[in-house]
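# What the coordinates show
As a plain string of letters, each chain reads:
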Amino acid sequence: VDGTACGLRPAGNFSKIIDIENCPVQSDRANTILNLFRKVLKQFDSAGYRRENGTGIIKYATIRSGKTGSLILTCDRENLENDSSCVFHDFSQVLIQEIQNNSSENFSLIICTTERNSDLSCTPGGKVIYGSETFTIEMGGLQFQTPYDAFFQPNPECFQLLLEKSSEAILQNHDLLTEGNLLDLYSGSGILSAVLLEKLQPVLKNKIKNIKGYDFTDSAVNNAEKNFASFQGFLSFHSADLNKKFSDDESPFRDPVSLMIADPPRAGISPNLLKNIVESSEAPLFLYISCNPESQIRDLKKLIEKYTPVKAWIADCFPHTGHLEQAVLLKLKD
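In this report, we go over the structure that sits alongside the text. No experiment lies behind these values; they were computed from the predicted model shown.

The rules behind each value
- Residues numbered from 1 in each chain as written.
- Predicted model: local features only at pLDDT ≥ 70, side-chain atom pairs only at ≥ 80, totals over all residues.
- Heavy atoms only, no water.
- Core = buried A, V, L, I, M, F, W, Y, C linked by side-chain atoms within 4.5 Å.
- Buried < 20%, exposed > 50% of the residue type's maximum accessible area, 1.4 Å probe, protein only.
- Helix = DSSP H or I, 4+ residues; strand = E, 2+ residues; numbered from the N terminus.
- Contact = heavy atoms within 4.5 Å.
- Phe/Tyr/Trp six-rings, centres within 6.5 Å; stacked < 30°, edge-to-face > 60°.
- Lys NZ or Arg CZ within 6 Å of the ring centre and 35° of its normal.
- Pairing = 2+ DSSP bridges.
- Axes fitted to C-alpha atoms, helices over the stretch in contact; angles between N-to-C directions.

The next subject is the nonpolar core. One finds Ile 211 and Leu 259 to be the most contacted residues of the largest nonpolar core, which totals 41 residues. Looking at this core element by element, the count peaks at 7 residues for helix H5 (residues 191–200). Not counting the four nearest positions on each side in its chain, Leu 259 is found in contact with Ile 170, Leu 177, Asn 181, Leu 182, Leu 183, Leu 200, Leu 204, Ile 208 and Leu 285.

Bringing the environment of Cys 112 into the picture now. Among the structural elements, Cys 112 can be located in strand E5 (residues 107–114). The buried category is assigned to Cys 112, whose relative accessible area is 2%. Remark: the alpha-carbon pair of Cys 112 and Pro 271, spanning 159 residues in sequence, is separated by 32 Å. Excluding residues within four positions of it along the chain, Cys 112 makes contact with Ile 72, Leu 73, Thr 74, Cys 75, Cys 122, Thr 123, Gly 126 and Tyr 148.

It is worth spelling out the packing of aromatic side chains at this point. Enumeration according to the criterion identifies 6 aromatic pairs in this entry. Pairing Phe 44 with Phe 91 gives two aromatic rings, centres 6.0 Å apart and planes at 85 degrees, and the pair type is edge-to-face. With Phe 44 in the loop between helix H1 (28–43) and strand E3 (58–65) and Phe 91 in helix H3 (residues 87–102), this pair connects stretches of sequence that are 47 residues apart. An angle of 45 degrees between the planes, with centres 6.1 Å apart, marks the rings of Tyr 186 and Phe 216 as tilted. With a gap of 30 residues between them, Tyr 186 in the loop between strand E9 (180–185) and H5 and Phe 216 in the loop between strand E10 (208–215) and helix H6 (218–224) connect regions that are remote in the sequence. Residue classification places Phe 216 among the partly exposed positions, given a relative accessible area of 33%. A network of ring pairs unites the aromatic residues Phe 37, Phe 44, Phe 88 and Phe 91 as a single cluster. Positioned over the ring face of Tyr 49 is Lys 59, at 5.1 Å from the centre of the ring.

A word on the sheet that holds strand E13 (residues 285–290). Within a sheet, neighbouring strands are paired by backbone hydrogen bonds and run either parallel or antiparallel to one another. Spatially, E11-E10-E9-E12-E13-E15-E14 is the arrangement adopted by the 7 strands of the open sheet, whose pairing is mixed. Across the chains shown, the open sheet's two edge strands, defined by having one partner strand only, are strand E11 (234–239) and strand E14 (307–315). Taking the axes of each pair of neighbouring strands and ignoring which way they run, one obtains an average angle of 15 degrees across the sheet. Strand contacts of helix H4 (residues 156–172): strand E12 (257–262), E13, E14 and strand E15 (325–332), with the helix running at about 150 degrees to E14, the strand carrying the most contacts. Across the sheet, helix H8 (residues 293–303) touches E13, E14 and E15, and the angle it forms with E13 is around 155 degrees.

With that settled, the discussion passes to unusual backbone geometry. Here Cys 86, not a glycine, exhibits a phi torsion of approximately 60 degrees, which is positive. Assignment of secondary structure puts Cys 86 in the loop between helix H2 (77–81) and H3. Exposure remark for Cys 86: the relative accessible area of 39% places this residue in the partly exposed category. Located in the positive-phi region is Tyr 186, a residue other than glycine, with phi close to 60 degrees.

Below, the structure written as structure tokens:
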């Protein structure tokens with residue numbers, strides 16, 4: 001947001017914002033919410049943050065849309081606290097009314113804050129002023145409640161294609177699987193594990209006894225167990241810094257692992273965790289999914305000390321960008 005403009009930054013220029021009325025790569029319902037927000041922003045011209053002089057309140061509007069959705073407004077903390085004329089309160093009440101009157105979607109409105117010198121578009125610790133702190137996403141025939149600040153695949157329909165191919169390859173190699181845990185690294189809310197379990201039944205039901213997940217985001221970890229209502233085994237999701245080296249007592253590889261999966265951020269698997277995998281993992285199959293094939297290839301050069309790539313697939317989950325999603329199935333070397 002910049003004043004009454006709401007849009008995207010042009011390629012290669014972080015200082016400007018292009019005002020956008022319609023985004024062709026997002027859903028119609030998300031565009032509806034975008035335009036309702038823009039309409040109210042123009043009514044309250046002092047509500048939008050102006051980057052040239054540091055006045056105004058709303059820095060970012062983040063739209064997350066699935067079966068239900070969330071509109072997250074990230075505000076300048078100092079200006080919000082000093083809003084003596086209650087501009088933001090009036091703005092938010094009019095916006096809620098517009099959403100109720102003009103959108104059939106079940107949308108929530110969440111407010112979070114950031115410091116003056118920070119440019120984060122969505123921060124933890126947000127306050128729900130209308131609706132719910134989670135939104136509902138459907139993938140792989142399942143529905144998931146996802147916290148507003150937790151990661152979820154931005155293109156579930158395309159991402160499902162990778163999961164279908166990956167599941168087929170795992171099933172073709174199911175004789176390699178031993179009895180043990182499903183280990184989910186960078187697990188988020190456990191969505192990847194839940195979808196794979198659904199697709200790999202009944203082959204995995206006698207192999208996977210427990211599910212262990214590790215992720216940075218507290219809200220995602222705390223929400224994960226809700227996505228496994230039908231799973232009969234033990235669930236264990238941990239909030240952990242995956243960039244640090246695990247001690248022997250904390251190691252994810254202490255217990256037998258039947259299937260290991262990882263879906264790290266663009267930077268790839270952290271060097272410490274990568275070293276841990278090569279030195280300690282005995283998981284017979286490892287599904288590594290990445291939104292950055294370059295960092296994944298870098299990691300694979302290290303992983304082939306322990307694992308052999310079996311199959312790989314690439315999907316174009318991010319239209320009109322240079323980003324791709326890649327899945328690689330690896331098997332443990334003899």
